[in-house]
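# Results of the structural survey
What follows is the residue order along each chain.
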Amino acid sequence: MNTLALSPAVLWSLVGVYGLLGIATLGLIGLRHWRPAQDTTELVQRTRSWWVMITIFTLAMVLSRTVSIVFFGILSFLALKEYLSIIPTRRADRRVLFWAYLAIPIQYYWVGQGWYGMFIIFIPVYLFLLLPLRMVMIGETRHFLRAIGTLHWGVMITVFSISHVAYLLVLPGDAAAGGAALVLYLVFLTEFNDVAQFVWGKLFGSHKIVPTVSPNKTWEGFLGGVATTTLLAVVLAPLLTPMTLPLSLAAGLLIGLGGFIGDVTLSALKRDIGIKDTGGLIPGHGGLLDRIDSLIYTAPLFFHFVRYFYY
Amino acid sequence: MAKILRFLFFTLIVRTVVLFVLGLNVRHRERLPKQGRAIVVANHNSHLDTLVLMTLLPLKLLPKVQPVAAADYFLRNKLLAWFVLNIIGILPMKRTRANRAEDPLAPIEAALNQGHILIFFPEGSRGEAEQLTDFKTGIAHLAERCPDVPVIPVYLHGLGKALPKGEGLLVPFFCDVFIGEALTWTGDRLGYMKLLGDTMHKLAAEGQFPAWE
């Protein structure tokens, strides 16, 4: 059975997401109408991109489980490509980079098979051991440490971390529908947390939290965002997850905190390289990594949390 | 038949490779030519350069787009010659003259007069990956002979990483495309070459590229 029998809860949540987006769009139209002097170009671009992203995501979730898994595989591919395009690389390593790309279909194949043991060690163990060997076979030792370190970190964040979202779909137990609900719960709360931290920061932000890494981030934005996300996590948990109240409270904190760390970690990378955005794939947002930076932390954290308690 | 194959090749295969496997960051897209009688000049590091430039132009212009390519290299065997002439649609150019009377630019001028958009690599060959080599003066001779044809300079980055000269394996990278303002004929070849060179370096300076050594 390949198609997802999506539960009414998932469908209603998707309707809710579109409702929120509709409200935001109406608000934006109102703003442009009443305050035509204000420059809203970026906000319009951002909102338009949200419509596109949410529609692609909805299609990926609704069509079938295979489509959903392939979708996250493509996400990993685009993210790894973006990462390798912004970091320094060695021309000698072209073939090693190719092997890193090959890891993506293999990792998502384990996901599709539901082979947890292989899924969880393939990149941290086998690829971790294979990539340096492949570099040694080429024989270029100049900047070897930098090359292998940056490559493995990139595969970890773009492939290993992101594939955890897909593995939620194949968790055993009450069929695939439960998995889709967990994916929706995780992705929605992670993205919502980004927006909430941004809005709280804009409204009340004054005390900088990590000034050298991300000067626009404030304690007010962080705390307000985490609180709002946790509240929503508790409200949505009975609808989309098997979690009880105390556990959903913890899951909300985990997503709020993890999302913040993912965001600033990628900020540190961008600051080191000296770029503002990781790419130009998503108008108004920047690159794909700019959009999924929080998910890099929240996906494995949330996955292992629910798996430990319920699967 | 070949026209249909060419259309299918560019819509299905080339677009998938260029837009999905690679992916482009395009700056100043509005400066691209919108109709025929134009020359697009670019730096040359990879066979992919041609495919990227042809993807940037709208599909309805495809029948008019012709990359100018070295006859001695691309017509070296029958199968390759068939492919590059019919599917890629190159305009073969001789890099050496058989005698002094031969005019290597004549076919190019003729194609422009038919309203075509030509893709021209003034470096003459692909050179070392991700390095800009000096431009040959062929483009200045051409601009002198067709002073009313807009010449649009394009700087490409990243394709020499994805598929450098002498490599058969494509490794995906996002590539950057910087499109410059159309150049007009300056009145002398030396001044024109300097203008073209300066424009290319300015376009290159718009980007910030990670090390590749």
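Only a predicted model underlies this, so the values are computations on that prediction, with no experimental measurement involved. (Residues numbered from 1 in each chain as written. Chains lettered and ligands numbered in written order. Predicted model: local features only at pLDDT ≥ 70, side-chain atom pairs only at ≥ 80, totals over all residues.)

On to the overall build of chain A, then. When you go through chain A residue by residue, the secondary structure sums to 10 helices and zero strands. The linear arrangement of helices and strands in chain A, starting from the amino end, is α-α-α-α-α-α-α-α-α-α. Counting only C-alpha atoms, chain A reaches 65 × 50 × 30 Å along its principal axes. Looking at chain A as a whole, 42% of its 311 residues qualify as buried. For chain A, the share of sequence-separated contacts (at least 6 apart) that also reach a separation of at least 24 residues comes to 69%. (Helix = DSSP H or I, 4+ residues; strand = E, 2+ residues; numbered from the N terminus. Buried ≥ 20, exposed ≤ 12 C-beta atoms within 10 Å, placed from the backbone. Contact = placed C-beta atoms within 7 Å.)

With that out of the way, let us pick up the overall build of chain B. Of regular secondary structure, chain B possesses eight helices and seven strands. Radius of gyration (C-alpha) of chain B: 16 Å, near the 17 Å computed for a compact globule of 213 residues. Projected onto its principal axes, the C-alpha positions of chain B cover 45 × 45 × 30 Å. Counting all 213 residues of chain B, 35% fall into the buried class. (Rg over C-alpha atoms; globule rule 2.2 N^0.38 Å.)

A general trend in soluble globular proteins is that nonpolar side chains are found buried together. Val165(A), Val183(A), Leu184(A), Leu186(A), Val40(B) and Val154(B) are the most contacted members of the largest nonpolar core, which has 122 residues in total. For this core, the element with the most residues is helix 7 (residues 175-204) of chain A, which contributes 13 residues. When neighbours within four sequence positions are excluded, Leu184(A) is seen to be in contact with Val10(A), Ser13(A), Met61(A) and Leu240(A). (Core = buried A, V, L, I, M, F, W, Y, C linked by C-beta atoms within 7 Å.)

Every buried residue of helix 6 (residues 138-145) of chain B is accounted for by Ile139(B), Ala140(B), Leu142(B) and Ala143(B). The arc that holds the buried residues of helix 6 of chain B, viewed along the axis, is 160 degrees, so those residues lie on one side. (Arc of directions from axis to C-beta.)

On to the interface of chain B and chain A, then. Between chain B and chain A, the residue contacts involve 15 residues of the former and 20 residues of the latter. When grouped by side-chain class, the residues that make up the side of chain B that touches chain A number nine nonpolar, four polar and two charged. (Nonpolar A, V, L, I, M, F, W, Y, C, P; charged D, E, K, R; others polar.)

On to the environment of Thr55(A), then. Its location among the elements puts Thr55(A) in helix 2 (residues 41-63). Note: C-alpha distance between Thr55(A) and Leu14(A) (41 residues apart in sequence) is 9.9 Å.

So, on to helix 8 (residues 189-205) of chain B. All names here are of chain B. With 17 residues, helix 8 should cover 24 Å at 1.5 Å per step; its first-to-last C-alpha distance of 24 Å lies within 8% of that length. Within the sequence span of helix 8, burial applies to Tyr192, Leu196, Met200 and Leu203. The buried residues of helix 8 occupy one face: seen down the axis, they fall within an arc of 70 degrees. Away from the buried face of helix 8 by more than 90 degrees, exposed residues Leu190, Gly191, Asp198, His201 and Ala205 are located. Residues of helix 8 that are buried sit in contact with helix 6, strand 6 (151-157) and strand 7 (175-179). (Expected span 1.5 Å × (residues − 1).)

Residue and element names in this part refer to chain B. With mixed pairing, the seven strands of this open sheet are ordered in space as 1-7-6-2-5-3-4. The sheet is open, and its two borders are formed by strand 1 (24-27) and strand 4 (91-93), each paired with just one other strand. In this sheet, neighbouring strand axes are inclined to one another by 25 degrees on average, regardless of whether the strands run parallel or antiparallel. As paired elements, strand 6 and strand 7 share four bridges and run antiparallel to each other. Pairing of His157 across the sheet is with Asp176, part of strand 7. (Pairing = 2+ DSSP bridges. Axes fitted to C-alpha atoms, helices over the stretch in contact; angles between N-to-C directions.)

Nothing here speaks to function; it is all geometry.
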